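Fold and contact review
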Amino acid sequence: MQKSEFEGKIKGSHQEENSNGRIRIPMSSLGNSNNIFWQECPVGKLERQKLINQKGCVVWITGLSGSGKSTLAFSLNRQLFSRGKLSYVLDGDNLRHGLNKDLGFSAEDRTENIRRVGEVAKLFADAGMICIASLISPYRKDRDACRAMLPDSNFIEVFMNTPLSLCESRDPKGLYKLARAGKIKGFTGIDDPYEPPLQCEIELQQIDGVCPTPTAMGGQVVSYLEEKGYLEDQ
Ligand SMILES: Nc1ncnc2c1ncn2[C@@H]1O[C@H](COP(=O)(O)OS(=O)(=O)O)[C@@H](OP(=O)(O)O)[C@H]1O
Ligand SMILES: Nc1ncnc2c1ncn2[C@@H]1O[C@H](COP(=O)(O)OP(=O)(O)O)[C@@H](O)[C@H]1O
């Protein structure tokens, strides 16, 4: 049976093979649940990737509000689609309409927001998809925790290093204006922190004071994926 990356996570656990040849790994306690078992799926990640001719990974785009995260995510999504590679965008704003609609913007809620999206992104990558997550994700430790969920460097962190002044001048939703007027409290970059990555795979920024076009930025990420073999036939 092909071993999945999930199995590695629970190495050392007592494993049992049942009459169907399926591996059951008992866990007496995990989070708030007791007596739960890992069910190993007989179709593994490598088989899925071969079937759809893709290699799953997570492209995690972080940056201030207005830095261009969604724009890059959608450009990358389109460029990959044109090359016959299926990707899916998990955008912070959109997820807060559903999966994360119970969360606000306190440090705890942002951490939970990123944790949930990290878990979902991991599932997409396990399915063989190129998952593009675009969230402010202001805390380094939260992004690092998502990275740690993904094995074999399948987490590609992209930092939109757009100056606050430019983000604020764009202000497409008028939120900076409200934050400056004190009508939104705890707005990232104004009165809430943003911790830039110390080591990321890709950093996108202005060149000689000019912001590259969304297509050029998407192209830079595509080139990285190509160089690292993510777009090769499986
Ligand atoms: N207080 C505060 N701080 C930052 N952003 C705020 C806030 N309140 C609302 N918004 C809007 O929410 C969008 C960010 O959601 P995220 O899920 O990406 O945020 S986070 O990763 O949990 O920090 C963000 O979207 P983007 O502008 O696309 O980044 C804002 O439109
Ligand atoms: N590379 C770019 N060049 C010029 N304008 C951009 C670029 N990327 C984003 N923008 C513009 O900046 C604004 C914010 O972009 P958006 O993708 O919504 O940022 P975020 O998702 O980080 O909040 C939008 O009006 C968008 O059209």
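If you check an unreviewed UniProt entry, the chain appears there as Adenylyl-sulfate kinase from Populus deltoides. The record held by UniProt for the chain lists under Pathway (unreviewed entry) the comment "Sulfur metabolism; hydrogen sulfide biosynthesis; sulfite from sulfate: step 2/3." Regarding the chain, the UniProt comment filed under Function (unreviewed entry) reads as follows: "Catalyzes the synthesis of activated sulfate."

Regarding the nonpolar core
Generally speaking, soluble globular proteins have nonpolar side chains that are buried together. Counting 22 residues, the largest nonpolar core has Val59, Ile156 and Leu225 as the members making the most contacts within it. Looking at this core, the elements with two or more residues in it are β4 (57-62), α3 (69-82), β6 (130-134), β7 (155-160), β8 (202-204) and α9 (214-227). Among residues more than four places away in sequence, those in contact with leucine 225 are Cys57, Val59, Leu80, Ile156, Tyr230 and Leu231. Counting residues in each nonpolar core, the second largest holds 15 residues, with Val58, Leu135, Met149 and Leu150 among its members.

A closer look at the side chain of glutamine 79
Mapped onto the elements, glutamine 79 comes out in helix α3. Side-chain polar atoms of glutamine 79 contact the backbone oxygen of threonine 215, separated by 3.0 Å. If near-sequence neighbours (up to four positions away) are discounted, glutamine 79 is found in contact with Pro214, Thr215, Gly218, Gly219 and Val222.

Some thoughts on the packing of helix α2 (residues 45-52) against helix α5 (residues 107-127)
Interhelical geometry of α2 versus α5 gives an angle of 65 degrees and a closest axis separation of 8 Å. Counting all contacts with α2, which are made through Lys45, Arg48 and Ile52, the residues of α5 involved are Ala125, Asp126 and Ala127. By residue class, the composition of the contact of α2 with α5 is 3 nonpolar, no polar and 3 charged.

Quick notes on the site of ligand 2
With respect to spatial proximity, 14 residues lie near ligand 2, and among them Gly66, Lys69, Ser70, Thr71 and Pro212 are the closest. At 2.8 Å from an oxygen atom of ligand 2 is found a side-chain nitrogen or oxygen belonging to lysine 69. Within the side chain of arginine 170, a nitrogen or oxygen atom sits 3.4 Å from an oxygen atom of ligand 2. Calculation on ligand 2 without its partners gives an accessible area of 560 Å², and the protein chains cover 72% of this total. Using a 2 Å cut-off from the grid points, one finds that ligand 2 occupies the largest pocket. Top element by residues in the shell around ligand 2 is α3. It accounts for 3 residues. The class makeup of the residues in the shell around ligand 2 is 5 nonpolar, 7 polar and 2 charged.

Brief notes about the packing of aromatic side chains
A complete count under the given rule lists 4 aromatic pairs for this structure. With a centroid separation of 5.0 Å and 75 degrees between ring planes, the pair formed by tyrosine 176 and phenylalanine 187 is classed as edge-to-face. Taken together, the residues span a long stretch of sequence, with tyrosine 176 in helix α8 (residues 175-180) and phenylalanine 187 in the loop between α8 and β8 at a distance of 11 residues. For the cation-ring pair, arginine 96 lies above phenylalanine 105, with the distance from its terminal atom to the ring centre recorded as 3.8 Å.

A word on the sheet that holds β8
An order of β5-β6-β4-β7-β8 is seen for the 5 strands of this open sheet, with the pairing classed as parallel. The strands lining the two open edges of the sheet, one partner per strand, are β5 (87-91) and β8. Direction aside, neighbouring strands of the sheet carry axes that sit 20 degrees apart on average. Here 5 bridges tie β5 to β6, and the two strands are oriented parallel to one another. Opposite aspartate 91, over in β6, you have serine 134 as the bridge partner. Of the strands in this sheet, β4, β5, β6, β7 and β8 are in contact with α3, which crosses β6 at around 165 degrees. Across the face of the sheet, α5 comes into contact with β4, β5 and β6 while running at roughly 150 degrees to β4.

Looking at α9
With 14 residues, α9 extends 20 Å from end C-alpha to end C-alpha; this agrees with the ideal 20 Å at 1.5 Å per step. When α9 is considered as a whole, its buried residues turn out to be Met217, Gly218, Val221, Val222, Tyr224 and Leu225. Seen from one end, α9 has its buried residues packed into an arc of 155 degrees, which puts them on one side. Turned more than 90 degrees off the buried face of α9, the exposed positions are Thr215 and Glu227. Where α9 is buried, its residues touch β4, α3, β7 and β8. With its phi angle positive at about 85 degrees, glycine 229 sits one or two positions after the end of α9.

The rules behind the values
- Residues numbered from 1 in each chain as written.
- Chains lettered and ligands numbered in written order.
- Predicted model: local features only at pLDDT ≥ 70, side-chain atom pairs only at ≥ 80, totals over all residues.
- Heavy atoms only, no water.
- UniProt positions renumbered as here; feature names shortened; annotations may be inferred.
- Core = buried A, V, L, I, M, F, W, Y, C linked by side-chain atoms within 4.5 Å.
- Buried < 20%, exposed > 50% of the residue type's maximum accessible area, 1.4 Å probe, protein only.
- Helix = DSSP H or I, 4+ residues; strand = E, 2+ residues; numbered from the N terminus.
- Contact = heavy atoms within 4.5 Å.
- Polar contact = N/O pair within 3.5 Å; in protein donor to acceptor, adjacent residues only side chain to side chain.
- Axes fitted to C-alpha atoms, helices over the stretch in contact; angles between N-to-C directions.
- Nonpolar A, V, L, I, M, F, W, Y, C, P; charged D, E, K, R; others polar.
- Near = heavy atom within 4 Å.
- Areas by Shrake-Rupley, 256 points an atom, 1.4 Å probe, with all protein chains shown as cover.
- 1 Å grid on protein atoms, 1.4 Å probe; cavity = no way out; pocket = protein on both sides within 12 Å on 5 of 7 lines; lining within 4 Å.
- Sits in = over half its atoms within 2 Å of the grid points.
- Phe/Tyr/Trp six-rings, centres within 6.5 Å; stacked < 30°, edge-to-face > 60°.
- Lys NZ or Arg CZ within 6 Å of the ring centre and 35° of its normal.
- Pairing = 2+ DSSP bridges.
- Expected span 1.5 Å × (residues − 1).
- Arc of directions from axis to C-beta.

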